[in-house]
Amino acid sequence: FVDFPWNDGSQKFSAPFVGVFNMTANHTTRLEVMGNNRAQISHTMVNNTFVTDIGGGSSFDITRDDPTAHRYTLIPSSGASSTFEVSFGFTSSSSSPFFVSPFDTPESPSSFTSVAQSSEDAWASFWTDGGFVDVLTGSTDARAEELQRRIILAQYLLRVNEAGDYPPQESGLVNNGWYGKFHMEMFYWHCVHWALWGQWDLMHRSIGVYADVFLPTAITRSRVQQGWPAGARWSKMTDPTGRSAPGEINELLIWEEVHPLVFAEYEYRAFPTRATLKKWEDVVQETANWMSVFAFNNLSTSSFDLGPPMYVVSEDTDPFVTQNPSFELAYWHFGLQLAQQWFERLGKPEMATTAIAGTANLTWSGVRQHLSRLSITNGTYDVYEGIPADFWTDPTFTNDHPALVGLVGWLPPQPGVVDDAIAKATMEKVWTSWNISNCWGWDFGMLAMSAARNNETEKAIEWLLHPVFEFDDVGMPSGGARVPTPYFPGAGSLLLAVAGMAAGWDGSEGVAPGFPATGWNVRVEGVSEIL
């Protein structure tokens, strides 16, 4: 049987249920029989209609169980063989405001045999053509087996849940989280690992949304949100239309802005062609334009400030006093450097020093050279400039994503921008002062990358296997005390960290530079180093 539940999407988290089956008056279904081996059921909830296509196999009869119900029973036709085969296809109707399918009336579903063969071939390709890291064979460290289990199941579950045509939502296809929308600041943690593990066929499915879907709305958002004269202001929380979901945090978070520049750089490293450069040209230009116009020209300090108003990565500071946060400043430097380098490859180095349209004399290089310096107090970096001096002991500021450890680890070293020694001291201060019990998901991949890049390889392993960083018996990354399981950015961060620890990073030396020299035998195939 096939049954259709009602779910109005009003709950921030809908886990583990997908809806309720006893509110049948709130929605409608309509059956259309198309011969003896195909049927379509249209399911309408408010203004959206979704089509379930049934066919591709044996002949069958289908009936509605009750006029007031939305349950339909399939029965093999008389005289059918002892094996009953049927396939299902899903799409949305073109009359729906969120229509994203190229089909109005989809083609008949493929046969069961062809679906099964396609799945078998795809999985064989995934495991043999993509990258792999073996940390178990030849290792004597007792933790190797658990880490290997997590690596394999993370790859499998992310392939199942997060390899679609759009950025995934936080819980993939398992349940609805955050109203089922996808978060562009988390797109990095969800999917950048595809680029490093040689799964570009999967990466290409979704990263095209920047240029193909979101760019026009991002340019409009820049003009409307605060009257910025140029650039694309990428949204934090959105849907297939590219519209920004309402909410203060959604409008004031900024670290998602740099992500497309990183995606572009990884694609160029994998495919260093002019076609790649042209593919990303508009996205890179409009991203760098907005990063530049967002920076406030502080005439009293002769520098460019970030904020206020803005939220930091951890979303736990007062946006109206948050100014020059350390991680965001470092990421801004890095992003503008990538943009400048991109146009040098295109043969347009003058782009970095040409005034942005709509501005008097604002340029990428000028903003980057004069961005405010990262704030330092007592030998460690501050979350943001002007934060209370006792913030290390104030749970208001040490209870969520510890982005300070990302200054060197998640991000590469940036001489003249980030002092490596101060970044390491800051990392160690986070280890002892942060409420690690409240960390979750991608925090631990970030902590591991930072430790590995600072030659604290044993600590990197500890972070990847930390008791709070749980993966259940089937490999689902736990949401901890914060959100329902699974929270897939955790699995993505694991694969990102393992890629860096095993394949290395720009400038690293030797095999598996992020793993301890004793107890670990690491074999790597088809995995690229991180930036």
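- An unreviewed UniProt entry lists the protein chain under the name Six-hairpin glycosidase, from Schizopora paradoxa.

## Notes on the domain arrangement of the protein chain
Step number 1: Once the domains are mapped, the protein chain shows domain 1 (2–100), domain 2 (136–198 + 435–530) and domain 3 (248–433).
Step number 2: Using C-alpha coordinates to define each centre, domain 1 is positioned 47 Å away from domain 3.

## So, the nonpolar core
Across soluble globular proteins, nonpolar side chains show a tendency to be buried alongside one another.
Step number 1: Ranked by internal contacts, the top residues of the largest apolar core, which has 147 residues, are Leu-147, Trp-189, Trp-332, Trp-410 and Phe-515.
Step number 2: Looking at which element gives the most residues to this core, the answer is helix H9 (residues 326–345), with 11 residues.
Step number 3: With residues near it in sequence (within four places) discarded, Phe-515 still touches Val-135, Leu-147, Thr-457, Ile-461, Met-501, Ala-502, Trp-520 and Val-522.
Step number 4: Counting residues in hydrophobic clusters, the runner-up holds nine residues, among them Val-2, Ile-41, Phe-60 and Tyr-72.

## Focus: the pairing of strand E7 (residues 71–76)
Step number 1: With two bridges joining them, strand E1 (residues 2–3) and E7 adopt antiparallel strand pairing. In the sheet register, Val-2 faces E7, and the bridge partner there is Tyr-72.
Step number 2: In this sheet, E7 lies alongside strand E6 (residues 60–64) in antiparallel orientation, the contact comprising five bridges. For Ile-62, the partnering residue across the bridge sits in E7 and is Leu-74.
Step number 3: Here E6 folds back onto E7 in antiparallel fashion, the turn holding six residues.

## Let's talk about the sheet that holds E6
Step number 1: The strand order across the open sheet built from three strands is E1-E7-E6, with neighbouring strands paired in antiparallel fashion. The outermost strands of the open sheet, each flanked by one partner alone, are E1 and E6.

## Things to note about helix H2 (residues 144–161)
Step number 1: Between the first and last C-alpha of H2 there are 25 Å, a value that for 18 residues agrees with the 26 Å anticipated at 1.5 Å per step.
Step number 2: Three or more residues of H2 are buried, namely Ala-144, Leu-147, Gln-148, Arg-150, Ile-151, Ala-154, Gln-155, Leu-157, Leu-158, Arg-159 and Asn-161.
Step number 3: Here the buried face of H2 lies against helix H1 (112–129), strand E9 (132–134), helix H3 (187–196), helix H4 (200–207), helix H13 (457–464) and helix H14 (489–503).

## Looking at H4
For an α-helix, the turn length of 3.6 residues means that residues three or four places apart are oriented alike.
Step number 1: If you check which residues of H4 are buried, you get Trp-200, Leu-202, Met-203, Ser-206 and Ile-207. Here the buried residues of H4 occupy an arc of 155° about the axis, which is enough to place them on one side.
Step number 2: Those residues of H4 that are buried are in contact with H1, H2, H3, helix H5 (209–226), helix H7 (259–270) and helix H8 (274–294).

## Regarding the packing of aromatic side chains
Step number 1: According to the stated counting rule, one finds 42 aromatic pairs in the structure shown.
Step number 2: Measuring from centroid to centroid gives 4.9 Å for Phe-126 and Trp-127, while their planes differ by 80°, and the two rings are edge-to-face.
Step number 3: The exposure class assigned to Phe-126 is buried, which follows from its relative accessible area of 4%.
Step number 4: Of the aromatic side chains, those joined through ring pairs into one cluster are Tyr-188, Trp-189, Trp-255, Phe-327, Tyr-331, Trp-410 and Trp-442.
Step number 5: It is Arg-71 that lies over the ring of Phe-1; its NZ or CZ is 3.6 Å from the centre.
Step number 6: Directly above the aromatic system of Trp-463 lies the positively charged group of Lys-459, at a separation of 5.0 Å from the ring centroid.

## A few points about the sheet that holds strand E4 (residues 39–45)
Step number 1: Reading across from one edge, E3-E4-E5-E8 is the order of the four strands in this open sheet, with antiparallel pairing throughout. The strands lining the two open edges of the sheet, one partner per strand, are strand E3 (28–33) and strand E8 (87–92). Taken pair by pair, the neighbouring strands of this sheet meet at an average axis angle of 20°, ignoring direction.

## Focus on the packing of H3 against H7
Step number 1: Direction vectors running N to C along H3 and H7 enclose 10°, while the axes themselves pass 10 Å from each other. Considered as vectors, H3 and H7 are oriented roughly parallel to each other. Judged by residue contacts, Phe-187, Tyr-188, Val-192, Ala-195 and Leu-196 of H3 engage His-259, Val-262, Phe-263 and Tyr-266 from H7.
Step number 2: Across the contact of H3 with H7, the residue classes tally to eight nonpolar, one polar and no charged.

## Examining unusual backbone geometry
Step number 1: Cis peptide bonds are those with omega within 30 degrees of zero, and the linkage from Pro-308 to Pro-309 qualifies with 0°.
Step number 2: Mapped onto the elements, Pro-309 comes out in the loop between strand E14 (303–305) and H9.
Step number 3: Following Thr-485, the chain continues into Pro-486 via a peptide bond in cis, with omega recorded as 5°.
Step number 4: Mapped onto the elements of the fold, Pro-486 is located in the loop between H13 and H14.
Step number 5: Non-glycine residue Val-46 carries a positive phi angle of around 55°.

## Thoughts on the side chain of Glu-281
Step number 1: Note on placement: Glu-281 falls in helix H8.
Step number 2: Glu-281 gets classed as buried once you look at its relative accessible area, which sits at 8%.
Step number 3: Here the side chain of Glu-281 touches Lys-348 through a polar contact of 2.7 Å, side chain to side chain.
Step number 4: Those residues in contact with Glu-281 that lie beyond four places of it in its chain are Trp-342, Phe-343, Leu-346 and Lys-348.

## So, the pattern of salt bridges
Side chains carrying opposite charge are able to pair once their charged atoms draw close together.
Step number 1: As enumerated under the stated definition, the model contains 19 salt bridges in all.
Step number 2: Between Arg-269 and Glu-265 there is a salt bridge; the shortest N-O distance is 3.4 Å. Placement of both Arg-269 and Glu-265 in helix H7 is noted, with a separation of four residues, approximately one turn of the helix.
Step number 3: With a relative accessible area of 40%, Arg-269 lands in the partly exposed category.
Step number 4: Here Lys-459 ties to Glu-462 by a salt bridge, and the two come within 3.6 Å at their closest N and O atoms. Taken as a pair, Lys-459 and Glu-462 lie in helix H13 at a separation of three residues, close to a single helical turn.
Step number 5: Taking relative accessible area as the criterion, Lys-459 reaches 25% and is therefore assigned partly exposed.

Calculation rules
Residues numbered from 1 in each chain as written. Predicted model: local features only at pLDDT ≥ 70, side-chain atom pairs only at ≥ 80, totals over all residues. Heavy atoms only, no water. Domains from an automatic or database assignment. Core = buried A, V, L, I, M, F, W, Y, C linked by side-chain atoms within 4.5 Å. Buried < 20%, exposed > 50% of the residue type's maximum accessible area, 1.4 Å probe, protein only. Helix = DSSP H or I, 4+ residues; strand = E, 2+ residues; numbered from the N terminus. Contact = heavy atoms within 4.5 Å. Pairing = 2+ DSSP bridges. Expected span 1.5 Å × (residues − 1). Arc of directions from axis to C-beta. Phe/Tyr/Trp six-rings, centres within 6.5 Å; stacked < 30°, edge-to-face > 60°. Lys NZ or Arg CZ within 6 Å of the ring centre and 35° of its normal. Axes fitted to C-alpha atoms, helices over the stretch in contact; angles between N-to-C directions. Parallel < 35°, antiparallel > 145°, perpendicular 65-115°, else oblique. Nonpolar A, V, L, I, M, F, W, Y, C, P; charged D, E, K, R; others polar. Polar contact = N/O pair within 3.5 Å; in protein donor to acceptor, adjacent residues only side chain to side chain. Salt bridge = Lys/Arg side-chain N within 4 Å of Asp/Glu carboxyl O.

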